Amino acid sequence: MIVITGATGNVGRPLVRALAASGEKVVAVSRRVSEAAVPDGVQTVAADLTEPEGLRPALEGADALFLHDGGANAETLRPRKILDLARSAGASRVVLLSSQGVGTRPESRSHGVLMRSLEDAVRQSGLNWTVLRPGGFNSNMYAWAESVRTRRMVVAPFGDVGMPTIDPADVAEMAAATLREDGHAGQIYELTGPALTTPRQRADAIGDALGEPVRFCEQTREDAHAQMLRFMPAWAVDTTLAVLGEPTPAERRISPVVEQVLGRAPRTFADWIQGHIAAFR
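Residue numbering note: each chain is counted from 1, following its sequence as written. Where totals are concerned, whole chains, interfaces and linings use all residues; where local detail is concerned, this predicted model gives features only for residues with pLDDT of at least 70, and gives and counts side-chain atom pairs only at 80 or more. Side-chain metrics in this entry use all non-hydrogen atoms of the structure; hydrogen atoms and water are not considered.

Q: What is the right way to read the overall build of the protein from this model?
A: The helix and strand inventory of the protein stands at 13 helices and 9 strands. It is over C-alpha atoms that the radius of gyration is taken, and the globule rule equals 2.2 Å times the number of residues to the power 0.38. Taking 19 Å as the expected radius of gyration for a compact globule of 281 residues, we find that the protein reaches 19 Å, a close match to that expectation. Projected onto the principal axes, the alpha-carbon positions of the protein cover approximately 55 × 40 × 35 Å. Relative accessible area decides the class of each residue, using a 1.4 Å probe on protein chains only: under 20% of the type maximum gives buried, over 50% gives exposed, and in between gives partly exposed. The 281 residues of the protein split such that 52% are buried. The contact criterion used throughout is that any non-hydrogen atoms of two residues lie within 4.5 Å. For the protein, contacts bridging at least 24 residues in sequence account for 74% of all contacts bridging at least 6. Note on areas: these come from Shrake-Rupley sampling with a 1.4 Å probe, and a residue is covered only by the protein chains present in the view. As displayed, the protein has an accessible area near 12,600 Å², and 47% of this comes from carbon and sulfur atoms. Residues counted as positive are Lys and Arg, residues counted as negative are Asp and Glu, and His and the chain ends are not counted. One atom stands in for each charge, and that atom is NZ of Lys, CZ of Arg, CG of Asp or CD of Glu. In the protein, 30 side chains carry a positive charge and 33 a negative one; their mean positions are 2 Å apart. Each helix is a run of DSSP H or I of at least 4 residues and each strand a run of E of at least 2, with the numbering of both proceeding from the N terminus.

Take a look at the structure:
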């Protein structure tokens, strides 16, 4: 049995589907999860990772755990308690969804320090562990959906800075492989898409998928900072803008890991937008 935390998110949802389709017994855990949100036969448990005791029913009889903060504040998580519960329940394997920033920006509170604490807990858990460190997700572009729907416009900073963003479904397939297959214990996998794309190029790809032009309007760093402060703390905004505007060579490097593990190239941004264009119509 495989327990998936963060089961209703951009990675968790396709991961649950992939594991269920392969015949695995799956328990989907999220703060708000219902049977309607998961495939037939998948058990659901509503639980908050900041209150680990609520996970006890989900972990009973578990063989493996996919650990993702599910949008919870990482500062309030108690990962060691969660992992102790998993081990006591009989689990032998854990896969953690971490962040590329642990390696590229270790001093960053949002991208490095907090996720490093989760990684440390996993490595010290006594379970066979694997850590997934994706870079930026293609699904981050959902932030553009309203302006594309209403004005056929994308407003974003750093229009010509390329990053190898990844399809969350590829991250989910990597998680499924590492949860089900041997040979991944003790590995840290950095995950990216197959090519660098810029915000301007992604706007063009959205327009191609819609069949009509989408105009790109480059935002100043100051305007982007003010906008992001409406829904992110200042320390997270500063690091995010640094990643988007001045990515390190490591953050721009294209990882071969998805192809090595899955036997195929990761999906392109154009592939992703074709599958999710309904959100932008």
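Q: Looking at this structure, I do not really get the pairing of strand β6 (residues 128-134). What am I missing?
A: The buried fraction of β6 amounts to 6 of the 7 residues, a majority that puts the element mostly inside the structure. Two strands pair if DSSP finds at least two bridges between them. In this sheet, strand β8 (residues 187-191) lies alongside β6 in parallel orientation, the contact comprising 5 bridges. If you follow R133 over to β8, its bridge partner there is E190.

Q: How should the packing of helix α8 (residues 199-210) against helix α13 (residues 269-276) be read in this particular structure?
A: Helix-helix packing is described using two parameters, namely the angle between the two axes and the distance between the axes. For helices, the fitted line uses only the C-alpha atoms of the stretch in contact; every axis is such a line through C-alpha atoms, and the angle between N-to-C directions lies from 0 to 180 degrees. Here α8 crosses α13 at 45 degrees, and the two axes come no closer than 9 Å. Taken as axis vectors, α8 and α13 run oblique relative to one another. Of the two elements, α8 crosses α13, and the hand of that crossing is right-handed. Packed against α8, whose contacting residues are R202, A205, I206 and A209, the element α13 presents F269, I273 and Q274 at the interface. Oblique is the label for any angle not covered by the other classes, which are roughly parallel (under 35 degrees), roughly antiparallel (over 145) and roughly perpendicular (65 to 115). Left-handed describes a crossing whose near helix is turned anticlockwise from the far helix through less than a right angle; right-handed describes the clockwise counterpart.

Q: Please clarify how helix α3 (residues 79-88) should be interpreted in this entry.
A: Think of an α-helix as 3.6 residues a turn; residues three or four steps apart then line up on the same face. Listed as buried for α3 are P79, I82, L83, L85 and A86. Mapping the buried residues of α3 onto a view down its axis gives an arc of 155 degrees, with all of them on the same face. Immediately downstream of α3, the backbone of G90 shows phi near 110 degrees, a positive value. As used here, the arc belongs to the directions running from the helix axis to the C-beta atoms.

Q: Can you help me understand the side chain of T192 in this one?
A: If you trace the backbone, T192 turns up in the loop between β8 and α8. Each polar contact in these results corresponds to two N or O atoms within 3.5 Å; when the atoms are within protein, one needs to be able to donate a hydrogen and the other to accept it, and residues that are neighboring in sequence are counted only if both atoms are side-chain atoms. Of the polar contacts made by the side chain of T192, one reaches the backbone nitrogen of S255; its length is 2.9 Å. Setting aside chain neighbours within four positions, we find T192 in contact with Q100, P164, I166, R253, I254, S255, V258 and P266.

Q: Before we go on, may I ask you to explain the environment of T178 in this structure?
A: Structurally, T178 can be placed in helix α7 (residues 168-180). Given a relative accessible area of 1%, T178 falls into the buried group. Sequence separation of T178 and R93 is 85 residues, and the distance between their C-alpha atoms is 9.2 Å. Not counting residues within four places of it along the chain, the set of residues in contact with T178 comprises R93, V95, T130, H184 and Y189. Looking at T178, its side chain comes within polar contact range of the main-chain oxygen of M174, at 3.0 Å. From its side chain, T178 meets the backbone oxygen of A175 in a polar contact 3.1 Å long.

Q: What's the story with the sheet that holds strand β3 (residues 43-46) in this structure? I'm lost.
A: Adjacent strands of a sheet form backbone hydrogen bonds with each other and so pair up, either parallel or antiparallel. Pairing is parallel across the open sheet formed by 7 strands, whose spatial order is β3-β2-β1-β4-β5-β6-β8. Two strands close off the open sheet at either side, each with one partner strand: β3 and β8. Taken pair by pair, the neighbouring strands of this sheet meet at an average axis angle of 15 degrees, ignoring direction. Packed onto the sheet, helix α1 (residues 12-21) meets β1 (2-5), β2 (26-30) and β4 (64-67) and runs at close to 165 degrees relative to β1. The strands touched by α3 are β4 and β5 (93-97); relative to β4, the strand with the most contacts, the crossing angle is about 160 degrees.

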